[in-house]
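Observations on the model geometry
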Amino acid sequence: MFNSLQDKLDKALHNIKGRGKITEINVAETVKEIRRALVDADVNYKIAKDLTKRVQDKALGQNVLTSLSPGQLMTKIVHDELVELMGGSQEGINLSGKPSVVLIAGLQGSGKTTFSGKLANYLKQKKAKNPLLVACDVYRPAAIEQLKVLGKQIGITVYTEEENKNPSSIAQNAINFAKENKHDVVIVDTAGRLAIDEAMMNEIKTVHQTIKPTETLFVVDSMTGQDAVNTAKSFNDTLNFDGVVLTKLDGDTRGGAALTIRTVVEKPIKFISTGEKMEALDLFYPERMADRILG
Ligand code: GDP
């Protein structure tokens, strides 16, 4: 994960590690390298610039107050800034509804269906919940089939209405079914398109207004870099979602999406997905991610 960013930050911090003390010149050099590493990793330029400005100010300001070596001090400052950029603390999902309704939104191929299965599995295994999965992709029979296969694999009921072409009505019927059958969480997997379009946004908006979810999660493929951030912005404008799920972090992703989304949409990353298997799901901890990025 983030190998290239790790290498570049390591190199950026390497020079200052050998120095006896912090000076304006060596801080300026290091900060420039850090900014370049972040921009190369697809972090939005302004965010990278603001972050490195804060790093520079802190490094020069704190130098006299600390017994840390220049290398340790810079690493700590960069670490703290990365944590802040990614949202500070872990934020869980709201399961206060009766039943709780979780709406899953995102583009086709982002990993929605896989994540829906993983979330159901996680809630069943770790939170002793009895989730219901709902297939609302009325355009692709294969997507319904995929959810059924996943449901079978993890022992979770999947609600489908193959003749019904109205996703809002399917979702509403599923919530009624959940109430009658003692399911405490309803996970609604929706249809995505390959790119943002008005019809998709209107459809998901209608589903959202109809079922009034307890939690709306936006799923995005981290490999798509800056596009991931733009897509997040569009979905957030339409749905005002509660959190982000970053998928495919097991691939050779540069990390820009993980580092930028929080600042751009002001919503927390709640989960990360790191593989195709049902177990490959983690809660997102900014602190742990920063540790990883800094090696
Ligand atoms: P959807 O169209 O948004 O429902 O996306 P899918 O859940 O069908 O996922 C699209 C493809 O990405 C499938 O082949 C999944 O197996 C794969 N996929 C989903 N999440 C991950 C992940 O975290 N890592 C990897 N490597 N593949 C994933």
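Residues numbered from 1 in each chain as written. Predicted model: local features only at pLDDT ≥ 70, side-chain atom pairs only at ≥ 80, totals over all residues. Heavy atoms only, no water.

**Concerning the confidence of the model for the protein**
Per-residue pLDDT for the protein averages 92, and the proportion of residues at 70 or more is 99%. Taken together, the chains of this predicted complex give a pTM of 0.94 and an interface ipTM of 0.99. (pLDDT = per-residue confidence, 0-100.)

**Some points on the site of the ligand**
Surrounding the ligand, one finds 16 residues, the nearest of these being Gly109, Thr114, Asp250, Ser273 and Glu276. Note that an oxygen atom of the ligand is positioned 2.9 Å from one of the side-chain N or O atoms of glutamine 146. Note that an oxygen atom of the ligand is positioned 3.1 Å from one of the backbone N or O atoms of glycine 275. Surface burial for the ligand is 79%, taken as the share of its 580 Å² of free accessible area covered by protein chains. Here the element with the most residues in the shell around the ligand is helix α5 (residues 112–127); it accounts for three residues. (Near = heavy atom within 4 Å. Polar contact = N/O pair within 3.5 Å; in protein donor to acceptor, adjacent residues only side chain to side chain. Areas by Shrake-Rupley, 256 points an atom, 1.4 Å probe, with all protein chains shown as cover. Helix = DSSP H or I, 4+ residues; strand = E, 2+ residues; numbered from the N terminus.)

**What about the UniProt feature "domain: SRP54-type proteins GTP-binding" (unreviewed entry) in the protein?**
Following the UniProt record, the feature "domain: SRP54-type proteins GTP-binding" (unreviewed entry) maps to residues 268–281 here. Taken as a whole, residues 268–281 contains 0% helix and 43% strand, while its terminal C-alpha atoms sit 16 Å from one another. (UniProt positions renumbered as here; feature names shortened; annotations may be inferred.)

**With respect to the environment of lysine 126**
Inspection of the secondary structure puts lysine 126 in helix α5. Residue lysine 126 is classed as exposed on the basis of its relative accessible area, which comes to 63%. With 74 residues separating them in the primary sequence, lysine 126 and methionine 200 have C-alpha atoms 33 Å apart. (Buried < 20%, exposed > 50% of the residue type's maximum accessible area, 1.4 Å probe, protein only.)

**Comments concerning the pattern of salt bridges**
A side chain with one charge may pair with a side chain of the opposite charge, provided their charged atoms come close. One pass over the full model with this rule turns up 15 salt bridges. Close ionic contact of arginine 140 with aspartate 137 constitutes a salt bridge, the shortest N to O distance being 3.3 Å. Judged by relative accessible area, arginine 140 falls into the partly exposed class, the value being 32%. Notably, a salt bridge pairs aspartate 221 with lysine 248, separated by 3.4 Å at the nearest N-O pair. Of this pair, aspartate 221 sits in strand β5 (residues 215–221) while lysine 248 sits in the loop between β6 (243–247) and α10 (256–265); the two residues are 27 residues apart in sequence, bridging distant segments of the chain. On the basis of relative accessibility, which here comes to 30%, the residue lysine 248 falls in the partly exposed class. In this structure, a network of salt bridges that share partners links the residues Arg54, Lys58 and Glu81. (Salt bridge = Lys/Arg side-chain N within 4 Å of Asp/Glu carboxyl O.)

**Some words on the sheet that holds strand β2 (residues 131–136)**
If you trace the eight strands from one edge of the open sheet to the other, you get β3-β2-β4-β1-β5-β6-β7-β8, paired in mixed fashion. Lying at the two open borders of the sheet, with one neighbouring strand each, are β3 (157–159) and β8 (281–283). On average, each strand axis in the sheet is inclined to that of its neighbour by 25 degrees, with strand direction left out of account. The sheet contact formed by strand β1 (residues 100–106) and strand β4 (residues 185–190) spans five bridges and is parallel. Along β4, the bridge assignment pairs valine 102 with isoleucine 187. In the packing of α5 onto the sheet, the strands contacted are β1, β2, β4, β5, β6, β7 (269–273) and β8, and the crossing angle to β4 comes to about 170 degrees. (Pairing = 2+ DSSP bridges. Axes fitted to C-alpha atoms, helices over the stretch in contact; angles between N-to-C directions. Contact = heavy atoms within 4.5 Å.)

**A word on the packing of helix α8 (residues 198–211) against helix α9 (residues 226–239)**
Running from N to C, α8 and α9 point in directions that differ by 45 degrees, and their axes come no closer than 10 Å. Considered as vectors, α8 and α9 are oriented oblique to each other. In the crossing of α8 with α9, the sense of the turn from one axis to the other is right-handed. For the pair α8 and α9, contact is made by Met200, Met201, Ile204, Lys205 and His208 and by Ser234, Phe235, Thr238 and Leu239, respectively. Residue composition of the contact of α8 with α9, by class: five nonpolar, three polar and one charged. (Parallel < 35°, antiparallel > 145°, perpendicular 65-115°, else oblique. Left-handed = near helix turned anticlockwise from the far one by under 90°. Nonpolar A, V, L, I, M, F, W, Y, C, P; charged D, E, K, R; others polar.)

**Description of the side chain of threonine 30**
Its location among the elements puts threonine 30 in helix α2 (residues 24–40). Looking at threonine 30, the relative accessible area reads 2%, which means it is buried. In this view, threonine 30 contacts Ala12, Leu13, Ile16 and Met74; residues no more than four positions away in its chain are not counted.

**Concerning helix α6 (residues 141–154)**
Over its 14 residues, α6 runs 20 Å from end to end, which matches the ideal 20 Å to within 8%, given 1.5 Å per residue. Within α6, burial applies to Ala143, Ile144, Leu147, Leu150, Gly151 and Ile154. Looking straight down α6, one finds that the buried residues subtend no more than 125 degrees of arc, so they occupy a single side. α6 presents Pro141, Ala142, Lys152 and Gln153 as exposed residues on the side facing more than 90 degrees away from its buried surface. Looking at the buried residues of α6, the elements they touch are α5, β2, β3 and β4. (Expected span 1.5 Å × (residues − 1). Arc of directions from axis to C-beta.)

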